[in-house]
Amino acid sequence: EIHVLHRLTSRTLDEVVNRRSDMYISVMKLYMNQTLVGVDYGGNSLYQMVKKECSEGISMIVRLNESASMATIVENGTMIMQRTVSYGIAGILDCYVEEAAEGCSYKQAIKALEETNYFAIPEEGAEGEDKKERFEKYARAFNDAGLGISRIYDYYNSRNTQKPITKVYLTGIGANVSGLAEL
């Protein structure tokens, strides 16, 4: 089962929902051999998590998607700042796909990146040199997204020294990439 997340805003919401639902149902049956279970907008599940997990203090929720990321800063369950970063994990996926066997899909790349930590700081020695090159390659691939996110973090904390961010949550397709949180 696949849950399609899509934001719907319209004065004629019922008409739009019916039209889009019919389209989603057709596409999923025809091309993916799947059944549509529900339609929702992407922020709803994040909001539910924020209500529960971020009810006290200052938290930053980073949604790492393929081509863009979003940073949301929440104080006691209320959003106080939100910024978009024009970079996501596409560079990391591209690195893996280039290294992998021909025909490697992004889905396979994501699974492999969840299982193997390419962001671990390598040990010294001959084998460590290969790992060091790989580490540097993957770190460079994430550099733009990482810098964008850290700038938002630093900007908020520099203007709110009495109430700094105390927790950071990663969500989205890149949240489970092994070693990325530590990077």
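So, how was this worked out
Residues numbered from 1 in each chain as written. Predicted model: local features only at pLDDT ≥ 70, side-chain atom pairs only at ≥ 80, totals over all residues. Heavy atoms only, no water. Pairing = 2+ DSSP bridges. Helix = DSSP H or I, 4+ residues; strand = E, 2+ residues; numbered from the N terminus. Axes fitted to C-alpha atoms, helices over the stretch in contact; angles between N-to-C directions. Buried < 20%, exposed > 50% of the residue type's maximum accessible area, 1.4 Å probe, protein only.

(A) Up close: the sheet that holds strand S6 (residues 167–171). Strand order in this open sheet of four strands is S5-S4-S3-S6, and the pairing throughout is mixed. Each edge of the open sheet carries a strand with a single partner, namely strand S5 (78–85) and S6. Neighbouring strand axes in the sheet, compared pairwise and without regard to direction, differ in orientation by 20° on average. As defined by bridge partners, strand S3 (residues 58–64) adjoins S6 across five bridges and the pair is classed as parallel. If you follow Ser59 over to S6, its bridge partner there is Lys167.

(B) Region of the structure containing unusual backbone geometry. The phi dihedral of Asn76 falls on the positive side, at around 50°, and the residue is not glycine. In this fold, Asn76 is placed in the loop between strand S4 (69–75) and S5. A residue is classified by how much of its surface remains accessible, and Asn76, at 44% relative accessible area, is partly exposed.

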